[in-house]
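Single-letter residue listing:
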Amino acid sequence: MAMVMIHSVHAEDAVKDIFKDVVPKTLPIYEFMVRNPLYVHKFYSKNMYITDLKPLKGKILRFSSCEYELRKGGIKTYGDSERSKYMHTYYFFDEDGHIKRWAVFSYPEGDREDYIKRVRTTYYANGVYTDEATGESPSLFLKGIYSYHYSITKTDLEVELIDSEKNQRLTFSKDTKWPEEPKERNEADFKRIRHSSGFVEYEYWRPKIDGDLGNYYEMRGEILEEPDEILLTYFRELF
């Protein structure tokens, strides 16, 4: 058994039981959505529309990306950084398709030790759905933990996750207009390759002619059978 396998427990199965009747079963992302309600809009915002969980169960889904803006004189800019920033994002699926952890590792080109890392964990127990996150960076004041503890109220028509302490409320209902599959972007030169399960295996955009001024972006997605070198080096606490 690969070391990335995360065993589900009965409490996690309860997440699907809570949401299964308030999400339309005809929705293509139904199976993903009832198991991962806190991740649906995060995935949708990144143009991922998971319609088949089977290839992801018990695996790690990794995305690696890099972007920059090319300006006059061949100058490249990278937002707030002086160097191109690489980002690796990992989603840990258990054997039932629940995302138990989400990890992000970013660093400027050529210097992994100037990193920023974040870990997010979700779990359900005793009627409370908890979304917990930590952050760490050796060069920035980023070290700590924060949590959202959602109490759950359910009727025949909807489920509400309520965090009264931070005044947050998430509602799931059959009447909600759930996201449809994302439309293609309008960039002059754009390419996206989708995996059969719905996640994006490869995506890039750039100006019409390579080398013209404008924004450049590249992202690669891959299913991992076991942790990669970055996970084993910088996220040893997860294993």
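Throughout this document, residue positions are counted from 1 along each chain, in the order its sequence is written. Restriction of local features to residues with pLDDT of at least 70 applies here, the model being predicted, together with a cutoff of 80 or more for giving and counting side-chain atom pairs; totals for whole chains, interfaces and linings are based on all residues. Hydrogen atoms and water are omitted, and side-chain values are computed over all heavy atoms in the structure.

1. Regarding the nonpolar core
So, point 1. Membership of the largest hydrophobic core comes to 41 residues, with the highest contact counts inside it found for Phe19, Phe32, Phe43, Tyr91 and Phe93.
So, point 2. In what follows, residue pairs with any heavy atoms lying within 4.5 Å of each other are defined as contacts. Apart from the residues within four sequence positions on either side, Phe19 is in contact with Val34, Pro37, Tyr129, Val159, Leu161 and Phe172.
So, point 3. Residues enter a nonpolar core if they are buried and are Ala, Val, Leu, Ile, Met, Phe, Trp, Tyr or Cys, with the set joined through side-chain atoms within 4.5 Å. Accessible area is worked out with a 1.4 Å probe on protein chains only. A residue is then buried under 20% of its type maximum, exposed over 50%, and partly exposed in between. Listed in part, the 14 residues of the second largest apolar core include Ile60, Tyr115, Val119 and Ile230.

2. A look at the packing of aromatic side chains
So, point 1. In this scheme Phe, Tyr and Trp rings, the latter by its six-membered ring, pair at centre separations within 6.5 Å, and the angle between planes marks the pair as stacked below 30 degrees, edge-to-face above 60, and tilted otherwise. Under the criterion given, the structure shown has 20 aromatic pairs.
So, point 2. Through a chain of ring-to-ring contacts, the aromatic side chains of Phe32, Tyr39, Phe43, Phe63, Tyr91 and Phe199 assemble into a single cluster.
So, point 3. Sitting above the plane of the Tyr39 ring, Arg120 keeps its charged end 4.5 Å from the centroid. Each ring is checked for a lysine NZ or an arginine CZ that lies within 6 Å of its centre and within 35 degrees of its normal; such an atom marks a charge sitting over the ring.

3. Digging into the pairing of strand β3 (residues 85–93)
So, point 1. Sheet topology note: the strand β1 (residues 60–71)/β3 ladder contains 8 bridges and is antiparallel. What sits directly across from Leu61, in β3, is Tyr91.
So, point 2. Where β3 and strand β4 (residues 99–108) come together, 9 bridges link them in antiparallel fashion. The residue bridging His88 from the neighbouring strand is Phe105, located in β4. Note on pairing: DSSP must find at least two bridges between two strands before they are called paired. A helix here means a DSSP run of H or I that spans at least four residues, while a strand means a run of E at least two residues long, and both kinds are numbered starting from the N terminus.

4. Re the environment of Asp17
So, point 1. Counting through the fold element by element, Asp17 comes out in helix α1 (residues 10–19).
So, point 2. With 17 residues separating them along the chain, Asp17 and Val34 place their C-alpha atoms 8.0 Å apart.

5. Quick notes on the pattern of salt bridges
So, point 1. Here, a salt bridge means any Lys or Arg side-chain nitrogen found within 4 Å of an Asp or Glu carboxyl oxygen. One pass over the structure, following the stated rule, counts 17 salt bridges.
So, point 2. Among the ionic pairs, Glu225 bridges to Lys59, the shortest N-O distance being 4.0 Å. Here the residue Glu225 occupies a position in the loop between β12 (214–224) and α4 (229–234), and Lys59 occupies one in the loop between α3 (40–45) and β1, the gap between them amounting to 166 residues.
So, point 3. Linking Arg206 and Asp210 is a salt bridge whose minimum nitrogen-to-oxygen distance equals 3.7 Å.
So, point 4. We classify Arg206 as partly exposed; its relative accessible area is 26%.
So, point 5. Salt bridges sharing common partners tie together Lys16, Glu31 and Arg35.

6. Topic: the pairing of β4
So, point 1. Among the 10 residues in β4, 9 count as buried, and that is most of the element.
So, point 2. Hairpin connection between β3 and β4: a loop of 5 residues separates the two successive antiparallel strands, and Gly97 in this loop has a positive phi of roughly 95°.
So, point 3. The pairing of β4 with strand β5 (residues 116–125) spans 6 bridges and is antiparallel. Within the sheet, the bridge partner assigned to Phe105 lies in β5 and is Lys117.

By themselves, these are just geometric observations and shouldn't be taken as functional.
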